[in-house]
Amino acid sequence: MSHEVFDRVAEAYDAARPGYPDGLYEALARLSSVSLTGATVADVGAGTGISTRGLLARGARVVAVDPGVRMLARLVARTDSPHVVVGDGNALPLRSGAADLVCYAQAWHWLRPEESIGEALRVLRPGGAVAAWWNSVDLETSASAADWLVAYEVRLAESCPGYSGPALPDWSVPPVAAVMTRAGLDVQEAWIRWRRNVSVEDFLLDMRSHSFVAALGDDVVDRLVRRERVELLKVFADGALTVPMRVYLAMARKAEA
Ligand SMILES: C[S@@+](CC[C@H](N)C(=O)[O-])C[C@H]1O[C@@H](n2cnc3c(N)ncnc32)[C@H](O)[C@@H]1O
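Structural notes, computed from the coordinates. (Residues numbered from 1 in each chain as written. Predicted model: local features only at pLDDT ≥ 70, side-chain atom pairs only at ≥ 80, totals over all residues. Heavy atoms only, no water.)

Considerations on the packing of aromatic side chains
Point 1. One pass over the full model with this rule turns up eleven aromatic pairs.
Point 2. Between W108 and W134 the ring centres are 6.4 Å apart and the planes differ by 80 degrees, which places this aromatic pair in the edge-to-face class. In this pair, W108 is assigned in the loop between β4 (99-105) and α6 (113-123) and W134 in strand β5 (residues 124-137), connecting sequence segments 26 residues apart. Judged on exposure class, the residue W108 and its partner W134 are both buried.
Point 3. Summarising the aromatic geometry, the rings of Y163 and F212 are spaced 5.1 Å apart at their centres and angled 65 degrees between planes, so their arrangement reads as edge-to-face. (Phe/Tyr/Trp six-rings, centres within 6.5 Å; stacked < 30°, edge-to-face > 60°. Helix = DSSP H or I, 4+ residues; strand = E, 2+ residues; numbered from the N terminus. Buried < 20%, exposed > 50% of the residue type's maximum accessible area, 1.4 Å probe, protein only.)

Below is the structure:
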């Protein structure tokens, strides 16, 4: 089960994964016409609460849903007055028509495509919106800014049999827009570029939290971390990285009644 991989790396995930830029939440509100202030949001695959806290900070009332008990324990420990439900996004434990927004931050690709979107539509009120987004490193930024990042991703791809990411020639964002379209929805998409400032050590901790890295097993991961520390410090001797990032957002509204 995918959530078990995450439960094994919940602490690293919580400590080192990036949040989402303001531009993501602005695009979400603008494209969906759902004001986050006061909105009832189901954050599906909420994990340790990175997306949940981003939504709460913008005034939303958030129900965090995830099957990963250790991930949710981190969410509860770090979030003021959280509403948490241990559950599966393919069969949401939420009543019909209750939510203004159902979102999947970095999570929809773990769900069954058609079932999850069907569930989102059931749980949404008429006129509500379903949204999925993913943060990823941006290898398409100006060539010199991304040289080290391209090399890093290629090394990861070579070292991790389960690697999924922009170093693969046929890599693309998960097909949520196509699934939403097949469900009869009118999809809007946006790309939001941003830059992440992070220490080499936190970047390496983030690396540990990726499912394809965690799947290697502790000894192999420790060796990978040692190798990457050496490589990254060759480029960033002061231990501070600036990482070009981008968020892909796909969003669709449920028809008004
Ligand atoms: C990459 S994490 C995303 C966490 C958080 N939303 C964020 O922005 O960092 C993916 C999450 O999806 C959860 N997940 C896996 N299968 C799921 C399912 N069937 N239903 C709901 N969540 C699931 C995992 O447990 C994990 O916490």
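There is more to say after this.
A look at the environment of R226
Point 1. Following the sequence through the fold, R226 ends up in helix α11 (residues 218-235).
Point 2. Between the alpha carbons of R226 and L204 there is a distance of 9.1 Å; along the sequence they are 22 residues apart.

Notes on the site of the ligand
Point 1. Around the ligand sit 21 residues, and of these Y13, Y20, G45, D66 and G89 come closest.
Point 2. At 3.0 Å, a side-chain N or O of S51 approaches a nitrogen atom of the ligand.
Point 3. D66 places a side-chain nitrogen or oxygen 2.7 Å from an oxygen atom of the ligand.
Point 4. If you list the elements that add at least two residues to the shell around the ligand, you get α1 (2-8) and α4 (50-57).
Point 5. The residue inventory of the shell around the ligand, partitioned by class, reads eleven nonpolar, eight polar and two charged. (Near = heavy atom within 4 Å. Polar contact = N/O pair within 3.5 Å; in protein donor to acceptor, adjacent residues only side chain to side chain. Nonpolar A, V, L, I, M, F, W, Y, C, P; charged D, E, K, R; others polar.)

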